Amino acid sequence: MTQARPIPQSPSPAIPAKRWAYVIPVAAIMYMLAYLDRNNVSVILPYMHGDLELSNADKGLVGGIFFVGYVFLQIPAAILAQRWSARKTVVILMVAWGLAASLSGLVQTKSQFYAARFVLGFFEGGVWPAVLILLASWFPLRERARANALWMACLPLSSVFMAPLSGWMLDHASWRWVLVLQGVPPLVWAVVWWFAVADRPAQARWISRAEADHVERSIAADEAAKPPAGSGSYLDAVRQKSVLVLIGVYFFWITGFYGFNLWLPSVIKELTHNGSSTEVGLLTAIPFTLALGVMIANAAWSDRTGKRRQAVAVPLVVGIVALLLGQAVDGALPRMLLLCVTAAAVYAPYGPFWAIPGQLLRFEVVAVAMGLINALGNLGGFAGPYLVGWLTDATGSSVTGFAVLSGFLAVAVALVTLGLRTGTRPVRRLPEQAAEGA
């Protein structure tokens, strides 16, 4: 039976693939809400009209300090998800971040706003590695980049909905009410998550025994094919060169990624000559819509060819070129087109990149490695927004800031190209998978 795209078909006609229809959508909507509460300030900041007296550097700090809090629960949540329960870990964090997001609308001073954003980042920080651990129990390596990308499609998709929604809400309510109201949906979705998600196939009521057996057998074969990580300890895993390189790649990529994301609505507002918040919100959704399609297509190509390294490096090179050209050309339409290309390029590596740790490391150590990569790499989410804001204040233009962001992306390209020459080979398949050629 042929299912509607983008849900992949089962590896065999006899084996259903309900996991694509159950696990991925519930996880994607959950993280869409997290990303909404994280990035809604990018639309709100240009319309605060002097409230809290924020300079451009202060606005960059509001966006960036989230990622200082984001570091703390990465490894603890990854270990909890692996040893205890990813499902329970995520539901606790979901309730906590929803409350933190709503409370951020009640701040009265600049310092309180910084603190609220820090606390929001603290609780959101453990969700990403916990869900990656969950997906590693549901999708074999040959499907992992597509599974990651379909889940991570929530990132551009959230921006597609967030920007117009936040813009429309700002036309009808204060920025405080926007923050308060947008913290409520995670509290509702926590109930859906609790009843719809299971930690592994054997615990799910809706999955067939044939599909559960196939997933468990495939994942066991993937684990057997991986090289040992020394004594198998966490310390041995994080000492591996590949893990250190991945931390570097992620840091420099994310610096450019969030530096671009946070300031995109402000750039579009400038292109529209101070358009309304609804207009800016709708235009901001366009680059993220393109990014969604490119992200999924790149992940599918990566799974089909096994070329994880190229699937990360090539889009980032395109992003560097588009980011630099965007500062050199004149005219609203050419600049908007280049913003679209940049957005697609910086989102495209997500699925392939997060398939690499699971391909290199055994399951018992991959949790802490992914937590460490995400924790240290996401410090770039602090550096990027703050650098652009500070440089804009210092120079009176965003040109220097975006040029610096392109430099960070270039370092990420160099690291993934030169530092990961080995270890990202095509995934070894089971005989039944090789026969199908999927």
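Here, residues in each chain are numbered from 1, in the same order as that chain's written sequence. Reporting of local features is limited, given that this is a predicted model, to residues whose pLDDT is at least 70; pairs of side-chain atoms are given and counted only at 80 or more, and all residues count toward the totals for whole chains, interfaces and linings. The basis for every side-chain value is the complete set of heavy atoms in the structure, and neither hydrogens nor water enter the calculation.

1. Thoughts on the layout of surface pockets
Thinking step 1. Points on a 1 Å grid over protein atoms alone make up a cavity when a 1.4 Å probe fits among them but cannot get out, and a pocket when they form an open set with protein on both sides within 12 Å along at least five of seven lines; lining residues each have an atom within 4 Å of a point. Grid points are joined across faces, edges and corners, and a volume is the space filled by probe spheres set on the points. By volume, the second largest pocket is sized at about 320 Å³.
Thinking step 2. The wall of the second largest pocket is formed by 19 residues, among which Ser266, Val267, Glu270, Thr392 and Ser398 lie closest to the centre.
Thinking step 3. It is helix H12 (residues 241-271) that contributes the most residues to the lining of the second largest pocket, 5 residues altogether.
Thinking step 4. Residue type decides the class: Asp, Glu, Lys and Arg count as charged, Ala, Val, Leu, Ile, Met, Phe, Trp, Tyr, Cys and Pro as nonpolar, and the leftover types, Gly among them, as polar. In the lining of the second largest pocket, the residues fall into 6 nonpolar, 8 polar and 5 charged. Strands here mean DSSP runs of E at least two residues long; helices mean DSSP runs of H or I at least four residues long; both are numbered from the N terminus.

2. Topic: the nonpolar core
One recurring pattern in soluble globular proteins: nonpolar side chains tend to sit buried together.
Thinking step 1. Judged by nonpolar contacts, the single largest core of 128 residues is most densely connected at Trp128, Trp151, Trp193 and Tyr350.
Thinking step 2. At 17 residues, H12 tops the list of elements feeding residues into this core.
Thinking step 3. Ignoring anything within four residues of it in the chain, the contact list for tryptophan 151 reads Ile24, Ala27, Ala28, Tyr31, Trp128, Val131, Leu132 and Leu135. Put simply, buried Ala, Val, Leu, Ile, Met, Phe, Trp, Tyr and Cys residues joined by side-chain atoms within 4.5 Å make one nonpolar core. Summary of the burial criterion: residues with accessible area below 20% of their type's maximum are buried, those above 50% are exposed, and those between are partly exposed, where the area comes from a 1.4 Å probe applied to protein chains only. Residues count as neighbours in contact if any of their non-hydrogen atoms are within 4.5 Å of one another.

3. Side note on the environment of tryptophan 84
Thinking step 1. Here tryptophan 84 is to be found in helix H3 (residues 74-103).
Thinking step 2. The partly exposed category is assigned to tryptophan 84, whose relative accessible area is 45%.
Thinking step 3. Residues tryptophan 84 and aspartate 199, spaced 115 residues apart in sequence, show a C-alpha to C-alpha distance of 9.5 Å.

4. Remarks on the environment of valine 346
Thinking step 1. Within the fold, valine 346 resides in helix H15 (residues 332-347).
Thinking step 2. With relative accessibility at 1%, the residue valine 346 sits in the buried group.
Thinking step 3. Put simply, valine 346 and phenylalanine 257 are 89 residues apart on the chain and 5.9 Å apart in space, counted from C-alpha to C-alpha.
Thinking step 4. Those residues within four positions of valine 346 in sequence are excluded, and the remaining contacts are Trp253, Phe257, Phe260, Leu316 and Leu409.

5. Section: the confidence of the model for the protein chain
Thinking step 1. Note: pLDDT gives the predictor's confidence per residue, expressed from 0 to 100. Confidence in the prediction of the protein chain, expressed as mean pLDDT, is 82, and 88% of residues score 70 or more.
Thinking step 2. Across the protein chain, the secondary-structure element scoring lowest on mean pLDDT is helix H20 (residues 431-436), at 36, and the one scoring highest is helix H9 (residues 185-196), at 94.
Thinking step 3. Throughout residues 1-14 the model reports pLDDT below 50, and contacts reaching past four residues in sequence, or to other chains, amount to 22 contacts.

6. What to know about the packing of aromatic side chains
Thinking step 1. Any two of the Phe, Tyr and Trp rings considered here, Trp counted by its six-membered ring, make a pair once their centres fall within 6.5 Å; the pair's planes then place it as stacked at under 30 degrees, edge-to-face at over 60, or tilted in between. Scanning the entire structure with this criterion turns up 30 aromatic pairs.
Thinking step 2. Considering the side-chain rings of tyrosine 250 and tryptophan 354, the 5.1 Å spacing of their centres and the 80 degrees angle between planes classify their relative orientation as edge-to-face. Here tyrosine 250, found in helix H12, pairs with tryptophan 354, found in helix H16 (residues 350-360); they are 104 residues apart in sequence, far enough to count as distant. For the pair tyrosine 250 and tryptophan 354, a shared accessibility class is recorded, and that class is buried.
Thinking step 3. Ring geometry for phenylalanine 251 and phenylalanine 252: centres 5.2 Å apart, planes at 85 degrees, overall edge-to-face.
Thinking step 4. Phenylalanine 252 gets classed as partly exposed once you look at its relative accessible area, which sits at 23%.
Thinking step 5. Placement of a charge over a ring requires the Lys NZ or Arg CZ to be within 6 Å of the ring centre, with the centre-to-atom vector within 35 degrees of the ring normal. Residue placement shows arginine 87 over the ring face of tryptophan 194; its charged tip is 3.7 Å from the ring centre.

7. Some words on the packing of helix H2 (residues 56-70) against helix H4 (residues 110-124)
The description of two packed helices rests on the angle between their axes and on the distance between the axes.
Thinking step 1. Where H2 meets H4, the axes come as close as 6 Å, and the angle between the chain directions of the two elements is 35 degrees. Note that H2 runs across H4; the crossing there is right-handed. When H2 is examined against H4, the residues Asp58, Leu61, Val62, Gly63, Ile65, Phe66, Val68, Gly69 and Tyr70 are found in contact with a partner set consisting of Lys110, Phe113, Tyr114, Arg117, Phe118, Leu120, Gly121, Phe122 and Glu124.
Thinking step 2. Looking at the contact of H2 with H4 residue by residue, the classes come out as 11 nonpolar, 3 polar and 4 charged. In this description, a line fitted to the C-alpha atoms serves as the axis of each element, helices being fitted only across the stretch in contact, and the angle between N-to-C directions of two axes falls anywhere from 0 to 180 degrees. Working rule for handedness: look at the near helix, and if it is turned counterclockwise from the far one by less than a right angle, call the crossing left-handed; if clockwise, right-handed.

8. A short note on the side chain of threonine 255
Thinking step 1. By secondary structure assignment, the location of threonine 255 is in helix H12.
Thinking step 2. In protein, a polar contact means a hydrogen-donor-capable atom and an acceptor-capable atom, both N or O and within 3.5 Å, with residues adjacent in sequence counting only if both atoms are side-chain atoms; elsewhere, any N or O pair within 3.5 Å suffices. A polar side-chain atom of threonine 255 sits 2.8 Å from the main-chain carbonyl oxygen of phenylalanine 251.
Thinking step 3. Each residue touching threonine 255, except ones within four places of it in the same chain, is listed here: Gly380, Ala383, Gly384, Leu405 and Phe408.

9. A few points about helix H5 (residues 127-136)
Thinking step 1. Most of H5 sits out of view: 10 of its 10 residues are buried.
Thinking step 2. Three or more residues of H5 are buried, namely Val127, Trp128, Pro129, Ala130, Val131, Leu132, Ile133, Leu134, Leu135 and Ala136.

10. Here's the deal with the pattern of salt bridges
Pairing is possible between side chains of opposite charge, provided their charged atoms come close.
Thinking step 1. For this analysis, a salt bridge means a side-chain nitrogen from Lys or Arg found within 4 Å of a carboxyl oxygen belonging to Asp or Glu. Per the stated rule, a full pass over the model turns up 8 salt bridges.
Thinking step 2. Here aspartate 58 makes a salt bridge to lysine 110, at a shortest N to O gap of 3.3 Å. Of the two residues, aspartate 58 is situated in helix H2 and lysine 110 in helix H4; the sequence distance between them amounts to 52 residues.
Thinking step 3. Note on lysine 110: relative accessible area 29%, which makes it partly exposed.
Thinking step 4. A salt bridge links arginine 308 to aspartate 303; the shortest N-O distance between them is 2.8 Å.

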